[in-house]
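Now for the letters of each chain:
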Amino acid sequence: MSKIIGIYGGSCAHDACSVYMVDGEIKSIIQEERPRRVKVYKDQYASPILSLHRIEKEFDVKLKDVDWVCTASPMGIDSQFLYPHSVPKEKLFIVNHHESHCTGAYYTSGFNEKTIVFSYDAGGLSKSKGYKTTFGHTYLAENNKMTLINTFPMGYTASIPCMYAAVTRYLGWLVHKDEGKVTGLAGHGEYRDEIYKSFETICWYDKSMKRFLPNGQAESATGINQVLNSLISDKIIDVEDEKSRADLAFNMQHFLENKVCEYLNHLNELYPDYKKIALAGGVFANVKLNQRINELDWVDETYVYPAMNDAGNALGSVLSKAVELGEWKTQRFEHLFYGTKFSQDYIDDIIQGVTMDNKKIKRDKADMKSVAKYLNDGNIIGWFKGRFEFGPRALGARSVLVRPTDAETHEKLNKRLGRNEVMPFAPIVLGERANDIFVTNNKSHYTAEFMTMCYDTREEWIDKIPAVVHKVDKSARPQLVFDYNPFYEVLVEYDKLSDIPVLLNTSFNVHGEPIIDGPDQAIKHLVDGVVDYLVMEDYVYYVE
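Structure report, in brief.

1. What about the nonpolar core?
Then step 1. Membership of the largest hydrophobic core comes to 60 residues, with the highest contact counts inside it found for Ile465, Leu534 and Tyr541.
Then step 2. Excluding residues within four positions of it along the chain, Tyr541 makes contact with Gln344, Ile347, Asp348, Ile351, Ile361, Lys362, Arg363, Leu526, Tyr533, Leu534 and Met536.
Then step 3. Ranked by size, the runner-up nonpolar core spans 53 residues in total, among them Phe118, Cys162, Leu185 and Leu296.

Right, dumping it as structure tokens:
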């Protein structure tokens, strides 16, 4: 049996992360931005130094002493980790970038049935011998084995995610941060033939090659810049006009969905027995795309790897080695709470160090009936429980909770958190009630536990929960909550009070910061008035 550490980040690799596995059991996963307190878009190529140090300290293990050190290309692991940590090269295991994405997706899906595994992003550089640098991989998987059937080589194929990134930039937003704003804005736009057809001049899907091919451009990012410049100079779009911006976003989103589904439908023609889909890569952070895929009539179930971004490659590389060693088979996550946990003594020390003029931080024992009442009364609750989550979503450990019944909550929360979100805030919903409120048709509920899927809202619920429903298309991005999740008890109690088994959930951070890591940041949010009450471990804290 084996001790394995997985690391990713630095050099040309963004979304740094560290993982520790012992005998096929995940012990810890820490994304570097949490302890570093710098969001990825501000420090894209940070190395996983602080996250690794935390793992080494908590589990009394050193990188050089484990059986395997795993990573995925293009991480520059030699100079940053092997030499300073005296790791023998024979312990190093490097996985191709998109193989790692797909391994993470398939081997946490729990699918033993015939499955299409597909990764797609803006490009995965490769330093691995025998692999080309690609925009994506496709595998056929069954009974714990994946077989590579297709790749999208860079330099020969087009990347629609690169196009999406360019549109994000032209709308004045930041790549690796604000693509979700494009998705949210798209719901306010409409189809315009001249915009959509201009995207079709950039790339098209070739069935014979099973690839998206560029029209005369080596990279589609170049083509999209030329097209966008022409659309602006010809006054077809105006990036200062809200309606025009929404139309640009709509047509980019529509193009992405159509082309990805065209590829998947072709795969279904070629491999009609493969009815399940496992997805990874940055493009599948796009929950509206995931909804469109999930609604394909031939798809039985869709699973999106919760850490679909490159941070997921730290675990993906570990799983590749664990599968090879016979220590892991495809299985579902029991939970995603693999981050750092802080003791009550540590929290008490933080509280003791806080000084305030004429006010004090007080606490009561955390009773979920009382917390549900605070929520029902309209208070904003900070939520800090146990180890923090793996992946980009707040799923039960570091969240801000609000009742979903007020349409003005979007503006109120944006003001409190210093944000300018376009995408609606997301609901959490009791899992057993999900299909009553959203049109899930009981499909793909596992992936919806990780807030990676959109569903339409049932008509009779739209006006009851307006704070978590898109104003135009009436969709929502629910997290299905079951009894293993720290949210479960407060949701049950809120449902008893309100007859609504739904709460609004957003990540516990102000604008420009990563999701909070430790209790000091949570307490600061309470003292600064970002939240009205703070549920932290076994107590409810408030300022009086």
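Resuming the write-up.
2. Notes on the sheet that holds strand β16 (residues 426-430)
Then step 1. In space, the eight strands of this open sheet follow the order β13-β22-β21-β14-β15-β20-β16-β19, with mixed pairing throughout. Single-partner strands in this sheet number two, and they are β13 (361-365) and β19 (479-481). Sheet twist, expressed as the average angle between the axes of neighbouring strands with direction ignored, equals 30 degrees.
Then step 2. Inspection of the sheet shows strand β14 (residues 381-384) paired to strand β15 (residues 398-402) by four bridges, in the antiparallel sense. Residue pairing for β15: Gly382 is matched across the bridge by Val400.
Then step 3. Relative to β14, helix α13 (residues 368-376) is tilted by about 140 degrees, and along the sheet it contacts β14, β15, β20 (502-507), β21 (533-536) and β22 (539-543).

3. Notes on the sheet that holds strand β1 (residues 3-10)
Then step 1. Sheet architecture is open: five strands sit in the order β3-β2-β1-β4-β5, paired in mixed fashion. The outermost strands of the open sheet, each flanked by one partner alone, are β3 (25-31) and β5 (92-95). Strand-to-strand twist across the sheet, computed as the mean angle between neighbouring axes with direction ignored, equals 20 degrees.
Then step 2. Pairing geometry for β1 and strand β4 (residues 68-72), over three bridges, is parallel. Across the sheet, the residue bridging to Ile4 is Trp68, located in β4.
Then step 3. Across the sheet, helix α2 (residues 49-59) lies against β1, β2 (13-22) and β3, angled at about 15 degrees from β2, the strand it touches most.
Then step 4. Sheet strands in contact with helix α4 (residues 97-106) are β1, β4 and β5, and its direction is about 90 degrees off that of β5.

About the cut-offs
- Residues numbered from 1 in each chain as written.
- Predicted model: local features only at pLDDT ≥ 70, side-chain atom pairs only at ≥ 80, totals over all residues.
- Heavy atoms only, no water.
- Core = buried A, V, L, I, M, F, W, Y, C linked by side-chain atoms within 4.5 Å.
- Buried < 20%, exposed > 50% of the residue type's maximum accessible area, 1.4 Å probe, protein only.
- Contact = heavy atoms within 4.5 Å.
- Pairing = 2+ DSSP bridges.
- Helix = DSSP H or I, 4+ residues; strand = E, 2+ residues; numbered from the N terminus.
- Axes fitted to C-alpha atoms, helices over the stretch in contact; angles between N-to-C directions.

Spatial relationships are all this shows, so hold off on functional conclusions.
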